[in-house]
Amino acid sequence: MIKNGFLSGIAMLVAVAGMTQEAADTARKEQEMPQVLVVGYKDKLLSKVPGSVSIIRFKEIQQLAPISGNDVMRRVPGLNIVDEEGAGLRINIGVRGLDPDRSRNLLILEDGVPVALNPYGEPEMYFTPVIDKVRSIEVLKGSGQVQFGPQTIGGVVNLITADPPAEERTELRVKGGQGGFFSTYASYGNTVGNMGFNVSYLRKQADNIGPTWFRINDLSAKLRFQLSEKSSIGMKLGVYDELSNSTYIGITQSMYDAGGSDYVRLAPDDRLPVRRYNLSVTHSLQINPRVNLQTTAFAYTTTRNWQRQDFSYSSTAANQTGVIWGDRSVTGGAIYMLNSNGHRNRQFEVMGVEPRLTVKGKIGDKENKLNAGVRYLYEKAREQFVLGKKADATAGDMRDNEIRSGHALSGFIQDELGITKRFTVNAGVRLESFNYNRRILRGRFPVNGATVVADTNVLAKQNVLAVIPGGGFNYVVNGSLNLFGGVHRGFAPPRTKDAITSTGMAIDLDAEKSWNFELGLRFNHANWIEGELTFFKMDFDNQIIPISQSSGSTNATGLANGGKTAHTGVEAAVQLDFGKAFNWKHSLQVGSNFTYVNSVYSADRFITSGTEKINIRDNKLPYAPSFIWNGTVGFESKGGLGIRFFANYVGEQFADELNTVAPSANGRIGRIDSRMVFDGTAYYQLNKKVNFNISAKNLGDKRYIASRRPEGIRVGMPAFVTVGVELTL
């Protein structure tokens, strides 16, 4: 049922739609900022990209009318998006069968700058840029990844925000929905003389999306200074503030089977505030027509203090509040809430500088392009665990206190040589060196058979050094078709916290390494049909398997060497516009993409289950569905009226390494069945200034299990309707 918050949202939308003001065209060109792009997208065919690529443009994002980035990213071939709280506040992306937990196997950038808490030591995405301010998205999964790091396994995602416009421009986008959902994005930009700027503010909130409420404020600005014909500076500043009731606890299997408790707030006092400040400056110098030097300096801090109530599955647990969820007659089927909580307080700092040089020239009569760069990065994390004596305690006794820091020096060189006008080869190598330490100031230690909390000063250090080669080719068959292929070394350093024990002893935890292969074709004919077909394989010498709390581990011991794994599969995508094909006045578009991947343990690995040791060789990896399919059909009239339908199918998957089918009583283990979910949007462009839209997610109100982790079942988001208006003045 649509609530009062939704009706008030509609009233505000109508009021905003009535605004009138003389303004310039919405399609005015933006001034190109000096910033790092992963692939760029001026060439529709992307004929020089040595690997599979997806570009999502602003119009496509608008047509999806997304609630969160999950709605957009799940349309990209090869990506498995796992919902956590329904609002998409923390995105979980699995690439080609890799574990999606906190997107730790993916390098995520915003305007070319990393956004992870600590890119080397803790790459988890506890902060995710809001989709409302994103103008386009680049996704790269091929050998071109050697230009980026430190994560070169799953791929690179670059979220690009609005650049300063060439002329005065004001944008206002307002959206309202069920459960008190409301989003307002406002921006103003202009170019005055040699300076361009764009300032934006986002307010986004909800009282009830599934079990989640949240409040987000995001203020950002971009400035561009044209110093001379050959030199320019781009600057970006941002402040992000979030408060939500995000939690780890999920419902039990008996609660799911009985129904009626899908979105109950099991721990109503749980709180997660996230505060982030970021600053980046990029200087671009065109030394001559063939040589460009671009230097980026960046710094950001993220504070993430998470207050979570304690609970137990045991009826005899001490310090209970009396609140019990689930079926007490089933062992492990009920949740007993405890009158205490834990505060996981973490503060992160990141600073870096990276000059990149591009040199275009010739070797003999062959066109040649050389890209090279170096980067110094410093990161630091402060972590405290505070024990609260009540369920809603806002302070308590410190149990753990530590500081982790690291210095990373990396460099890459990649050369692209045109063997002929149609055939291009590239080869490159990346070097990663990361020195880090972990200083324990307070912790838990075994003393005479008991665990004692005490102050200490334990320091342990380690170093990771890796050489990451890669190469590929592109062959342009004709103006509509090109072939590509490549191979590169995948690499990810172990998390700082998990490579050293809490007592300062080094763990025999290897860096994550793989060999990644691709072979594919990309086509675009007469601008009415385009697509891509890619065969891929990832062979891991040692895949790091997450067993942290966020991945559902009861021991919460971090990461473990998972041994050899193999991911083999195919991705395909095609988009057709029959309006362009037959010169119709209207547009009729049909699109489809699918991913098939077989992700298995490829060597002997034994897991103890009860009294047995089970070899999991050939078992599927957790949270790695074999088949994912997306489909879309859309109609748009010449008069500006459009309608689109989207379908998303995710095949069955398992929640543990043993591929257990029968669910556990607490809901954490068991098969996750396949599901098909349909979305729809309708929009009307009144003129070049005003656009209305209405969107419905999960049209059939499909009930399904989205995830069994971190700590119990998360039910997929129910049917959800939003309406919005967009103005460009």
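Criteria and cut-off values
- Residues numbered from 1 in each chain as written.
- Predicted model: local features only at pLDDT ≥ 70, side-chain atom pairs only at ≥ 80, totals over all residues.
- Heavy atoms only, no water.
- Helix = DSSP H or I, 4+ residues; strand = E, 2+ residues; numbered from the N terminus.
- Rg over C-alpha atoms; globule rule 2.2 N^0.38 Å.
- Buried < 20%, exposed > 50% of the residue type's maximum accessible area, 1.4 Å probe, protein only.
- Contact = heavy atoms within 4.5 Å.
- Areas by Shrake-Rupley, 256 points an atom, 1.4 Å probe, with all protein chains shown as cover.
- Lys, Arg positive; Asp, Glu negative; His and termini not counted.
- Charge placed at Lys NZ, Arg CZ, Asp CG, Glu CD.
- Pairing = 2+ DSSP bridges.
- Patch = residues over 30% accessible without salt bridge, like charges linked within 9 Å, V, L, I, M, F, W, Y side chains within 5 Å.
- Salt bridge = Lys/Arg side-chain N within 4 Å of Asp/Glu carboxyl O.
- Core = buried A, V, L, I, M, F, W, Y, C linked by side-chain atoms within 4.5 Å.

Focus: the overall build of the protein chain
Argument step 1. If you tally the helices and strands in the protein chain, you get six helices and 38 strands.
Argument step 2. For a compact globule of 729 residues, the expected C-alpha radius of gyration is about 27 Å, and the protein chain comes in at 26 Å, within 12% of that figure.
Argument step 3. Structurally, the protein chain occupies a C-alpha span of about 75 × 60 × 45 Å along its principal axes.
Argument step 4. Burial analysis of the protein chain (729 residues in total) assigns 58% to the buried set.
Argument step 5. Put simply, of all contacts in the protein chain between residues at least 6 apart along the chain, 67% involve residues at least 24 apart.
Argument step 6. When the accessible surface of the protein chain is summed, it comes to about 29,300 Å², and 57% of that surface belongs to carbon and sulfur atoms.
Argument step 7. Positive and negative side-chain charges of the protein chain, numbering 83 and 70 respectively, have mean locations separated by a distance of 2 Å.

Considering the side chain of Asn630
Argument step 1. With respect to the helices and strands, Asn630 occurs in strand E30 (residues 627-636).
Argument step 2. Residue Asn630 is classed as buried on the basis of its relative accessible area of 4%.
Argument step 3. Excluding its chain neighbours within four sequence positions, the residues that come into contact with Asn630 are Arg74, Arg75, Gly591, Ser592, Asn593, Ala647 and Asn648.

So, the sheet that holds strand E6 (residues 134-140)
Argument step 1. Taken in spatial order, the five strands make up an open sheet running E1-E6-E7-E4-E5, and their pairing is mixed. Of all strands in the sheet, those bounded by a partner on one side alone are strand E1 (53-56) and strand E5 (113-114).
Argument step 2. Bridge count between E1 and E6: four bridges; the pairing is antiparallel. Of the residues in E6, the one forming a bridge with Ile55 is Glu138.

A word on a nonpolar patch on the surface
Argument step 1. A grouping of Val633, Phe635, Ile643, Phe645, Met676, Phe678 and Leu699 is seen on the molecular surface, where their side chains present a nonpolar patch of about 580 Å² in accessible area.
Argument step 2. Elements that contribute at least two residues to the nonpolar patch include exactly E30, strand E31 (641-650) and strand E34 (675-685).
Argument step 3. Tracing the backbone through its elements, the reader meets Phe645 in strand E31.
Argument step 4. For Phe645, a relative accessible area of 43% gives the class partly exposed.

Some points on the pattern of salt bridges
Argument step 1. Within this structure, the stated rule accounts for 47 salt bridges.
Argument step 2. Glu571 is the partner of Lys141 in a salt bridge, and the nearest nitrogen-oxygen pair spans 3.1 Å. Of this pair, Lys141 sits in the loop between E6 and strand E7 (156-161) while Glu571 sits in strand E26 (residues 565-577); the two residues are 430 residues apart in sequence, bridging distant segments of the chain. Glu571 carries the same exposure label as Lys141, and that label is buried.
Argument step 3. Where Asp163 meets Lys222, a salt bridge forms, and the shortest distance between an N and an O atom there is 2.7 Å. With Asp163 in the loop between E7 and strand E8 (169-177) and Lys222 in strand E11 (residues 212-226), this pair connects stretches of sequence that are 59 residues apart.

Digging into the pairing of E31
Argument step 1. Pairing between E30 and E31: nine bridges, direction antiparallel. The residue of E31 that forms the bridge with Asn630 is Asn648.
Argument step 2. Here E30 folds back onto E31, and the loop between the two strands holds four residues, one of which, Gly640, carries a positive phi near 100°.
Argument step 3. Of the strand pairs in this sheet, E31 and E34 are connected by 10 bridges, and their pairing is antiparallel.

Here's the deal with the pairing of strand E9 (residues 182-192)
Argument step 1. Relative to E9, E8 runs antiparallel, the two sharing eight bridges. The partner of Gly176 across the bridge, within E9, is Phe182.
Argument step 2. Linkage of E8 to E9, two consecutive antiparallel strands, is achieved through a turn of four residues, within which Gly179 is found at a positive phi near 60°.
Argument step 3. As judged from the 11 bridges shared by E9 and strand E10 (residues 195-209), these two strands associate in the antiparallel manner. Within E10, the residue paired with Ser187 across the bridge is Ser200.
Argument step 4. Hairpin connection, E9 to E10: the antiparallel pair is bridged by two residues, and Gly193 has positive phi, about 65°.

Some thoughts on the nonpolar core
Argument step 1. Counting residues in hydrophobic clusters, the biggest one holds 51 residues, and the most contacted among them are Met73, Ile93, Ile108, Ile137, Val157, Ile209 and Phe214.
Argument step 2. In this view, Ile209 contacts Ile67, Glu85, Gly86, Ala87, Phe181, Phe214, Met717 and Phe720; residues no more than four positions away in its chain are not counted.

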